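# Observations on the model geometry
For reference, the chains in residue letters:
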Amino acid sequence: MRKNVIDDKKVVRYESFGGIVGLNNPPTLVFVDREFMKEMGYESSELWQQQRNYLSAPTEVHFNITNACPMSCRHCTSDSGSRSSGDLSNEDIKKAIDVLSEMKVFHIAFGGGELFERTDAIDIAEYASSKGIVPNATTNGYYITTPLAEKCKVFGQINISIDGIGSKYGVIRGVDSFEYADRAAKLLVEAGVNTGINCMVTNANFDDLEEVVAYAADIGMKEVLFLRLKPSGRAKAIYDKYKLTQEQNKLFYRSLMRMARKYKINLQVDCSFIPHICYHNPPEKVMKLLGIEGCEGGNVLLGVRHDGLINACSHYPSYYENIHKLPHMWNEHEHFKQFRERHITDETCIKCNYFKLCRGGCPLFSEFITGDFNAPDPECPIIRQRQL
Ligand code: SF4
Ligand code: SF4
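Predicted, not measured: the structure shown is a model, and the values here were computed from it.

### Here's the deal with the site of ligand 1
Within the structure, ligand 1 sits among Lys 230, Cys 271, Ser 272, Cys 295, Glu 296, Gly 297, Leu 301, Cys 313, Phe 339, Cys 362, Pro 363 and Leu 364. For the shell around ligand 1, the class distribution of residues is 8 nonpolar, 2 polar and 2 charged.

Given below as structure tokens:
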């Protein structure tokens, strides 16, 4: 393992605990200690003199390069739709990528809106790649054709938004475009692009999640990423109607495990699902398999809006300074500190076995439902059980 890491490294970044190594194949990140860094030939860094509880820069940036989208789904968390005049120019996006490259960001997940509304989306991805950053993307698939699918090989991975198969595709989004998503999925897989699905989980598709996994496995996709419906963007208006019931909150983990055993495909959940997983006391190995790390906003993650403003998590409703101020803002801005130093005082949470990792779940739900960023996630099955 040590030899593989040393031979295969692409980008290496110092951190207070040692460093992070970006590997080529598979494109993954390895967190290593100071001794390991020295073994790879990296001398001491001033970061090694510091005690800090956050990374020197995000590892992954969610960069919405346009707010335009041909679909205008009702569960869109970025409120995208009609063509926006505030999108960054190609030149400004490249300058933003330069900032991220100087900070040694490893991955950029490009999205929108629909990123292929921009005819320069491939050019932007190629630029990121030339700067040593792995470009990934999320698309609704609407514009994918055979020639575009070929060009998409520049992306490390593309995930297509699909919440249901066939006629169930539009149940939550209110737009019936399965034929485009299906065509895109098959064209991308055929072109050899690592392809996955982003599936929003709601009470309306909860019983049909297996169909989505079976579809992905059947056509040769690599991954299904389950996203929690967030009270953000247009989805705020439908949150109450489509949020999971307490019964579904509790059942989600079992359903995931059953699908993971049945299908040979990578199943992941987004960071906001952590309380739903912790409720079942899973072993550390399972947490790793599902990619569960707790709230990553303002540490692992950074959100960039289509107009260049940034925040700690792309689902958070407020955005702050322009991305060019990121190097200063990352260490100094109260918004990032608020995410990193979330002040949970709730006794149930503090005594929970998973508190160190979960830290009260997703603050978006706390703020939206209770008005208090520091309250525990009210949809956590443990917290909800207490309230019943
Ligand atoms: S606020 Fe934190 S837990 Fe919630 S979605 Fe954003 S990064 Fe994930
Ligand atoms: S009780 Fe708190 S720490 Fe435990 S799982 Fe729920 S939100 Fe997370």
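### What to know about empty space enclosed by the protein
By the definition in use, this model includes 5 cavities of 30 Å³ or more. Around the largest cavity, the lining comprises 16 residues; the ones closest to its centre are Cys 349, Cys 352, Cys 358, Gly 360 and Cys 380. For the lining of the largest cavity, the per-class residue count stands at 12 nonpolar, 3 polar and 1 charged. Two domains each put at least three residues into the lining of the largest cavity: domain 2 (60-323) and domain 3 (347-387).

### Topic: the environment of Tyr 263
Note that Tyr 263 resides in the loop between α10 (246-262) and β10 (266-269). You can call Tyr 263 buried: its relative accessible area is 16%. Taking the C-alpha atoms as reference points, Tyr 263 and Arg 228, 35 residues apart in sequence, are found 21 Å from one another. Those residues in contact with Tyr 263, other than ones at most four positions away along the chain, are Glu 210, Val 213, Ala 214 and Ala 217. At 2.7 Å, the side chain of Tyr 263 and the side chain of Glu 210 are in polar contact.

### A look at the layout of surface pockets
The space that makes up the second largest pocket amounts to roughly 180 Å³. Around the second largest pocket sit Met 257, Ala 260, Arg 261, Ile 265, Asn 266, Leu 267, Val 286, Leu 289 and Leu 290, which together line it. Mapped onto the lining of the second largest pocket, the elements with two or more residues apiece are α10, β10 and α12 (284-289). Considering each element in turn, the lining of the second largest pocket owes the most residues, 3 residues, to α10. Along the lines of polarity and charge, the residues of the lining of the second largest pocket split into 7 nonpolar, 1 polar and 1 charged.

### What to know about the pattern of salt bridges
Applying the stated criterion to the full structure yields 22 salt bridges. Between Lys 262 and Glu 210 there is a salt bridge, with the nearest N and O atoms lying 2.7 Å from each other. Taken together, the residues span a long stretch of sequence, with Lys 262 in helix α10 and Glu 210 in helix α8 (residues 209-219) at a distance of 52 residues. Taking the relative accessible area as the measure of exposure, Lys 262 reaches 54% and is therefore exposed. Salt-bridge contacts for Arg 305 lead to Asp 307; the nearest nitrogen and oxygen are separated by 2.7 Å. Through salt bridges with shared partners, one network takes in Asp 240, Lys 243, Glu 379 and Arg 384.

### Let's talk about the nonpolar core
Membership of the largest hydrophobic core comes to 106 residues, with the highest contact counts inside it found for Phe 63, Leu 100, Phe 110, Cys 152, Phe 155 and Phe 226. Viewed by domain, this core spans two of them, domain 2 (60-323) and domain 3 (347-387), each represented by three or more residues. Each residue touching Phe 110, except ones within four places of it in the same chain, is listed here: Phe 63, Ile 65, Ile 97, Leu 115, Ile 124, Ala 125, Ala 128, Pro 135, Asn 136, Ala 137, Thr 138 and Phe 155. Counting residues in hydrophobic clusters, the runner-up holds 9 residues, among them Val 12, Leu 23, Val 32 and Trp 48.

Rules used throughout
- Residues numbered from 1 in each chain as written.
- Chains lettered and ligands numbered in written order.
- Predicted model: local features only at pLDDT ≥ 70, side-chain atom pairs only at ≥ 80, totals over all residues.
- Heavy atoms only, no water.
- Near = heavy atom within 4 Å.
- Nonpolar A, V, L, I, M, F, W, Y, C, P; charged D, E, K, R; others polar.
- 1 Å grid on protein atoms, 1.4 Å probe; cavity = no way out; pocket = protein on both sides within 12 Å on 5 of 7 lines; lining within 4 Å.
- Points joined across faces, edges and corners; volume = space filled by probe spheres on them.
- Domains from an automatic or database assignment.
- Helix = DSSP H or I, 4+ residues; strand = E, 2+ residues; numbered from the N terminus.
- Buried < 20%, exposed > 50% of the residue type's maximum accessible area, 1.4 Å probe, protein only.
- Contact = heavy atoms within 4.5 Å.
- Polar contact = N/O pair within 3.5 Å; in protein donor to acceptor, adjacent residues only side chain to side chain.
- Salt bridge = Lys/Arg side-chain N within 4 Å of Asp/Glu carboxyl O.
- Core = buried A, V, L, I, M, F, W, Y, C linked by side-chain atoms within 4.5 Å.

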